[in-house]
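Given next are the chains, with one letter for each unit.
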Amino acid sequence: MFTLSQPAVVFNSVSKAFGSTQALENVSFEIPQGSVFGYIGPNGAGKTTTIKILVGLIQDFDGEVLVDGQNVSKERLNIHRMLGYLPQEVGFQEWRTVRQMLITFGRLSGLSRSEMDTRVNEVLETVGLPDVENRKIAHLSGGMKQKLHLAQCLLHQPELLVLDEPMSGLDPASRHQVRLIIRNLCQKGVTVLFSSHILSDVQDIATQVGILNNGQLLVVGTPDQIQSHFQLGNDIEIVVAEGSPICKNFAELPTIESAEELSFNRILLHLKPEVDIDRVIPNILEKLISEGCKLRSFNLVRPSLEEVYLKYVGGF
Amino acid sequence: MNFNILLLDEMSGFYKSKAMVALWIGLPVMTVILHALQPNAEGVPFLFIAGLLVSSMGGIIACVTLSTSICSDMNNHVYDLFLIRPVRKSSLLLAKFLAVLTCVLIAAALAFLAGYILDYWTIGVSSDVVLQDTLNALSLGIAGISIACALGVLIGITFRSLSLAAIGGIYAGGQLSAIITLIPTLLPEWINPELFALLICIVVAPVILAVSIIIFERRQL
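Since the model is a prediction, treat every value here as computed from it, not as a measurement.

Definitions and cut-offs
Residues numbered from 1 in each chain as written. Chains lettered and ligands numbered in written order. Predicted model: local features only at pLDDT ≥ 70, side-chain atom pairs only at ≥ 80, totals over all residues. Heavy atoms only, no water. Bend = angle between axes of the 7 residues up to and from the residue. Helix = DSSP H or I, 4+ residues; strand = E, 2+ residues; numbered from the N terminus. Buried < 20%, exposed > 50% of the residue type's maximum accessible area, 1.4 Å probe, protein only. Contact = heavy atoms within 4.5 Å. Pairing = 2+ DSSP bridges. Axes fitted to C-alpha atoms, helices over the stretch in contact; angles between N-to-C directions. Buried area = accessible area lost by both parts, 1.4 Å probe. Salt bridge = Lys/Arg side-chain N within 4 Å of Asp/Glu carboxyl O. Disulfide = S-S within 2.5 Å. Nonpolar A, V, L, I, M, F, W, Y, C, P; charged D, E, K, R; others polar.

Colleague: Where do I start with helix α2 (residues 18-37) of chain B in this structure?
Modeller: Given 3.6 residues per turn, any residue in an α-helix points the same way as the ones three and four places further on. All names here are of chain B. Along its length, α2 reaches its greatest deviation from straightness, about 30°, at glycine 26, and the proline proline 28 lies no more than four positions downstream. Taken residue by residue, α2 has Met20, Leu23, Leu27, Pro28, Thr31 and His35 as its buried positions. Residues of α2 that are buried make contact with α1 (2-16), α3 (46-75) and α5 (89-122).

Colleague: Please explain the sheet that holds strand β2 (residues 21-31) of chain A as it appears in this structure.
Modeller: The strands making up a sheet associate through backbone hydrogen bonding, with each pair oriented either parallel or antiparallel. All names here are of chain A. Pairing is antiparallel across the open sheet formed by four strands, whose spatial order is β2-β1-β4-β5. The two strands at the open ends of the sheet, each matched to only one other strand, are β2 and β5 (70-71). Pairing of strand β4 (residues 62-67) with β5, which is carried by two bridges, proceeds in the antiparallel orientation. For leucine 66, the partnering residue across the bridge sits in β5 and is asparagine 71. Running over the sheet, helix α1 (residues 47-55) touches β1 (9-18), β2 and β4 and is turned about 120° from β1.

Colleague: I tried to follow the side chain of arginine 85 of chain B on my own but got confused; where do I start?
Modeller: By the element assignment, arginine 85 of chain B lies in the loop between α4 (78-83) and α5. Residues in contact with arginine 85 of chain B, not counting those within four places in the same chain, are His80, Phe105, Leu108, Ser109, Gln152, Cys153 and His156 of chain A.

Colleague: So what exactly am I meant to see when it comes to the interface of chain B and chain A here?
Modeller: Note: interface size is frequently given as the accessible area lost on complex formation between the parts. Facing the 25 residues of chain B at the interface are 29 residues of chain A. Both sides together, the interface formed by chain B and chain A hides about 2500 Å², and carbon and sulfur atoms give 57% of it. Together, Leu81, Ile84 and Arg85 of chain B form the three largest contributors to the area buried by chain B at its contact with chain A, with a combined 30%. Between chain B and chain A we count one salt bridge in total.

Colleague: Looking at this structure, I do not really get the state of the cysteines. What am I missing?
Modeller: As used here, a disulfide is simply a covalent bond connecting the sulfur atoms of two cysteines. Taken as a whole, this structure holds zero disulfides over all chains when the rule is applied. Here cysteine 186 of chain A stays free of any disulfide, with the sulfur of cysteine 153 of chain A as its closest cysteine sulfur at 15 Å. The structure places no disulfide on cysteine 149 of chain B, whose sulfur is separated from the nearest cysteine sulfur, that of cysteine 63 of chain B, by 8.0 Å. The exposure class of cysteine 149 of chain B is buried, given its relative accessible area of 0%.

Colleague: In this structure, what is going on with the pattern of salt bridges? I would like to understand it.
Modeller: Any two side chains of opposite charge can pair, so long as their charged atoms come close to each other. All names here are of chain A. In total, this model carries 14 salt bridges over all chains according to the counting rule given. Close ionic contact of arginine 99 with aspartate 117 constitutes a salt bridge, the shortest N to O distance being 2.6 Å. Of this pair, arginine 99 sits in helix α3 (residues 98-108) while aspartate 117 sits in helix α4 (residues 113-126), and the two are 18 residues apart along the sequence. The class of aspartate 117 is partly exposed, set by a relative accessible area of 43%. Close ionic contact of aspartate 204 with arginine 179 constitutes a salt bridge, the shortest N to O distance being 2.9 Å. Here aspartate 204, found in helix α7 (residues 199-205), pairs with arginine 179, found in helix α6 (residues 172-187); they are 25 residues apart in sequence, far enough to count as distant. By relative accessible area, aspartate 204 is classed as partly exposed at 37%. You can call arginine 179 buried: its relative accessible area is 15%. The network of salt bridges with shared partners includes Arg175, Arg179, Arg183, Asp201 and Asp204.

Colleague: Explain the environment of arginine 302 of chain A here, please?
Modeller: Residue and element names in this part refer to chain A. Looking at where arginine 302 falls in the secondary structure, it is placed in the loop between β14 (295-301) and α10 (305-313). Sequence separation between arginine 302 and asparagine 234 is 68 residues; the distance between their C-alpha atoms is 7.5 Å. For arginine 302, the residues in contact, after removing those within four places along its chain, are Asp224, Gln227, Ser228 and Glu307.

Colleague: Could you clarify how one ought to interpret the packing of α1 of chain B against α2 of chain B in this entry?
Modeller: In a pair of packed helices, the angle between the axes and the distance between the axes together describe the arrangement. All names here are of chain B. Remark: α1 packs on α2, axes separated minimally by 4 Å, with the N-to-C direction vectors making an angle of 65°. Taking contact as the criterion, the partners of Phe14, Tyr15 and Lys16 in α1 are, on α2, Lys18, Met20, Val21 and Trp24. Of the residues belonging to the contact of α1 with α2, the class tally is five nonpolar, no polar and two charged.

In short, geometric facts, not functional conclusions.
Now the structure itself:
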């Protein structure tokens, strides 16, 4: 297991250029042990470069990368023993059957013959491919191959799982299954770094998020920290009971810019940008009660991770 | 340890592949067909035809098989999954080299064996001269196939395009085969062809392989 006293992964001022293209510029972050780090950014932002540096496929870079305190440039073979990696772009030698492929990778990862059968069956069960072990890889669908990718990286029970776009090509049910697998691994203490374009997946499972754009890491934090950084719109959604009067003259309150009736019992209040939210909320509640509204829900609408992401990478 | 796993894995991949089965059956069958098609073949031993076939085709087959296989694996990022395990880049190339070399040599041996059996069946025990010529052809054939395999590795890691790798393999393997078949006529009499073959096998193929490994180690996959 990882040493408890230090982060599972440390990126320290990492830069990488391909010719004149700066793929990564001074990227620094830490991933605590047992956390799920969601790495997001537009195409070409440098996510895969970061991941390839972490797993040792790119070795000439500036800066320092540590896994469990060990330098990836110097302790590559040690680190590979505790690492599971699902690449974004990868092919299998398709003449193999699923079982042959898993046995080869299992043996290369150090599994003994005695534990091989059990582990192969377990991982195929985990990823939902229990009936394909004797099928040739060439005969599997794209989604099945993606699950097989996941199976090969779980085989030797790694302590650090690095997944580059693990949900791509999966149907909604399979995506849900992969999210469950990641959550279960996280509960067992496995550290996971995954990149994704599907922000709802990141929001759902990541305990830490990093947003990368043009090779620069713009922000790192928990989803809550990142979302609370922006109060995009400062909105409050109010729901009242069916048949209850719904207050419509919110415009009387000086702190409210406008009110939008979403349905017969839902109203969305847009607050003025400069208002102090802690002072406004009691005023609104007071008004609702004074007008006899039977309140069912009162929510401060926070920006979704997608909105925050777009704000950071300049999508709107 | 991991090199042995890789080698066995590559061997199992190649010997089960349709290409290798076709080669193992194909070379002996072609020996028979070529013998039958030769208008002046009466009296020409099958072993001679087998030697000609192996030295003219073995190199091309080995070179193209390796160059296209490595190029395709690199294009499909197959090696990524190996290299994130405790595996050296050099082991990947050496395992593939040895697997193809072994498979092609088995095909060559089968062709010679078929020739020998057919000769025994048709003209009886081969003469010492025929056996000596066969040994010369076999040793030069093995040397040629070894070097062709090494060249196949070099071409495979150099070209990104599969068609270029195939063309490079055909060209390099073909030229090499032509040179190898000419060697006995070019050598002065005091040089023993088998020793010469052994020497180039020991020197040239490892040098080409070493260069390939250095390039592969530096290459960004």
